[in-house]
Amino acid sequence: GPGHVKPDEPGHDPQAVAAVRLVELAEACEHLNVSHLELLGYHDSGMRDWRHHQEHDHVFANVPLEESVGRLVALFEQYRPDVVVTYDDFGGYNHPDHVQAHRITVAAAERTGIPRKLYFTARKRSDWRLLRDALREQGVVIPEPPVMSDEMRERMESIEARITTTVDTRAVIERKRAALAAHASQLDESWFLKCPPELFDTIFGKETFIRADDKTGTSLPEDDLFAGLR
């Protein structure tokens, strides 16, 4: 949030943080030309070891699945999406809200049978190494990543090995950077915005996904989330 004050730290104002984040989200959607934004109103859960996460039933990760799945089912029935994208079951870096988003999205897709294609986001570890090394060469101080357990390394390698779909996003790279920059309360000190344009284009000029479900019969690998639907 503002000033990067965490939920368990003095001076954290949940309502103020939510208000800032909503403004940032609206700005990001404008950059991306998102035409419909649906907000379910759940609160950020934080990480599992935060007191904030452990003590509040209303944070997203602690809301009963039946409630949140039901609300997403209603949105699927309203919009009838052909393609749905969510996190994988590791949530990118095991963030509880990302994992919960995965759970409710998969459940809603299975319950309704509406999406023709379901994808999980998946990034290659080599991209992060390339980004870290390039920023260090430019004098940006990058903290050493935490030591990764063998189990974690195997999990990351397994996710990368499952990538089926690579989409070239260079044509809209400026929109992508602007949308990220809109989330200033979270990213103003991040690697993303310290990344020079040419490196940003290299690292983020493609998006990689795992195709988890498909009703089109399109062959793999793919370079288009809408392959078989156009």
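Residues numbered from 1 in each chain as written. Predicted model: local features only at pLDDT ≥ 70, side-chain atom pairs only at ≥ 80, totals over all residues. Heavy atoms only, no water.

A. Main features of the overall build of the protein. Counting secondary structure elements, the protein contains 11 helices and four strands. For the protein, buried positions account for 37% of its 230 residues. When the accessible surface of the protein is summed, it comes to about 13400 Å², and 52% of that surface belongs to carbon and sulfur atoms. (Helix = DSSP H or I, 4+ residues; strand = E, 2+ residues; numbered from the N terminus. Buried < 20%, exposed > 50% of the residue type's maximum accessible area, 1.4 Å probe, protein only. Areas by Shrake-Rupley, 256 points an atom, 1.4 Å probe, with all protein chains shown as cover.)

B. Broad picture of the nonpolar core. Formed by 21 residues in total, the largest nonpolar core has its most connected members in Leu 72, Phe 76, Leu 118 and Ile 210. Other than its neighbours up to four places away in sequence, Leu 118 contacts Val 84, Thr 86, Thr 105, Val 106, Ala 109, Ile 210, Arg 211, Ala 212 and Asp 213. Core analysis: the next-biggest nonpolar cluster, separate from the first, contains 11 residues, Leu 131, Ile 142, Ile 203 and Phe 204 among them. (Core = buried A, V, L, I, M, F, W, Y, C linked by side-chain atoms within 4.5 Å. Contact = heavy atoms within 4.5 Å.)

C. Fine view of the packing of helix H6 (residues 125–137) against helix H11 (residues 197–204). At a minimum axis separation of 10 Å, H6 and H11 run at an interaxial angle of 170°. In terms of orientation, H6 lies roughly antiparallel with respect to H11. Judged by residue contacts, Asp 127, Trp 128, Leu 130, Leu 131, Ala 134 and Leu 135 of H6 engage Leu 199, Thr 202, Ile 203 and Phe 204 from H11. (Axes fitted to C-alpha atoms, helices over the stretch in contact; angles between N-to-C directions. Parallel < 35°, antiparallel > 145°, perpendicular 65-115°, else oblique.)

D. Structural view of the confidence of the model for the protein. Overall, the prediction assigns the protein a mean pLDDT of 85, with 86% of residues at 70 or greater. Here helix H2 (residues 51–55) stands out as the element of the protein with the lowest mean pLDDT, 46, in contrast to strand S1 (residues 83–86), whose mean of 98 is the highest. Scored below 50 in pLDDT, residues 50–55 shows 20 contacts in the model against residues more than four places distant or in partner chains. (pLDDT = per-residue confidence, 0-100.)

E. View of the pattern of salt bridges. Going through the model one piece at a time under the given rule, you end up with 13 salt bridges. As a salt-bridge pair, Asp 127 and Lys 206 come within 3.8 Å of each other at their nearest N and O atoms. Here the residue Asp 127 occupies a position in helix H6, and Lys 206 occupies one in strand S4 (residues 206–214), the gap between them amounting to 79 residues. Asp 127 sits in the buried class, given a relative accessible area of 7%. (Salt bridge = Lys/Arg side-chain N within 4 Å of Asp/Glu carboxyl O.)

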